[in-house]
Amino acid sequence: MKNWIIFISIFIVSLALVISVLVIWNSDKPFNEIEKKAEELALSTNSLAVVSDSYVYNGNKPYVTVFGEDEDGNEKAIFVPISLEEDSIQEVFLQDGITKEQALSVLNNEVEVEEILHTKLGYEEEVGPVWEITYTNGEEKLNYVYIIFEDGQWWKRILNL
């Protein structure tokens, strides 16, 4: 009887582990697919010659931010709407704005930051490219700040969630 209880316990734990891995793997699939399509679109429209990275940015409208270099070797970020409409693609040369490190410096100069959760370059139709920085403060509250890519000015703050 004791062996059956051990067997059933191990089986249930193993089953829960397999189900958890499958759920996590499948939940990331849609993001991977849209990122791949956005990268292909950025390459096929000759916006980029080489792709180095991409991720989904969820602002007022969701975009896929694709990083890479054009045919002249200039580093660019291409903002592809998830609808994959070529007419709505936006782009920016990375040399024309502040870097990720400079955006983090702007944040650290004004507020207390406990931990940076992520920093993403995204596109907002109202102001153009922005750095979205998600962090926790000393009180372990979640905060979002948006810093304008071109000049490093604050655009929007969502604090103490």
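Nothing here was measured: the structure is a model prediction, and the numbers come from that model.

A look at the packing of aromatic side chains
(1) Moving on: With the rule as written, the count across this model stands at six aromatic pairs.
(2) Moving on: Ring centres 5.5 Å apart and planes at 35° place the aromatic pair Phe79 and Tyr123 in the tilted group. A residue pair is termed long-range when its members are at least 10 positions apart, and Phe79 in strand E3 (residues 75-81) and Tyr123 in strand E5 (residues 115-124) qualify at 44 residues. For the residue pair Phe79 and Tyr123, the accessibility class agrees, reading buried in each case.
(3) Moving on: Taken together, the ring pairs connect Trp4, Phe7 and Phe11 into an aromatic cluster.
(4) Moving on: Just above the ring of Tyr146 sits the side chain of Lys156; from NZ or CZ to the centre is 5.2 Å.
(5) Moving on: Above the ring of Trp154, the side-chain terminus of Arg157 is found at 3.8 Å from the ring centroid.

What to know about the sheet that holds E5
(1) Moving on: Spatial ordering of the open sheet is given by E5-E6-E7-E8, a layout of four strands whose pairing is antiparallel. The open sheet terminates on both sides in strands that have one partner only, identified here as E5 and strand E8 (154-158). Strand-to-strand twist in this sheet, taken as the mean axis angle between neighbours without regard to direction, amounts to 15°.
(2) Moving on: In this structure, E5 lies alongside strand E6 (residues 128-136), joined through nine bridges in antiparallel fashion. If you follow Glu124 over to E6, its bridge partner there is Gly128.
(3) Moving on: Contacting E5, E6, strand E7 (142-148) and E8, helix H3 (residues 100-110) runs over the sheet at an angle of about 55° to E6.

Conventions adopted
Residues numbered from 1 in each chain as written. Predicted model: local features only at pLDDT ≥ 70, side-chain atom pairs only at ≥ 80, totals over all residues. Heavy atoms only, no water. Phe/Tyr/Trp six-rings, centres within 6.5 Å; stacked < 30°, edge-to-face > 60°. Helix = DSSP H or I, 4+ residues; strand = E, 2+ residues; numbered from the N terminus. Buried < 20%, exposed > 50% of the residue type's maximum accessible area, 1.4 Å probe, protein only. Lys NZ or Arg CZ within 6 Å of the ring centre and 35° of its normal. Pairing = 2+ DSSP bridges. Axes fitted to C-alpha atoms, helices over the stretch in contact; angles between N-to-C directions. Contact = heavy atoms within 4.5 Å.

The quantities given are spatial measurements derived from coordinates; they are silent on function.
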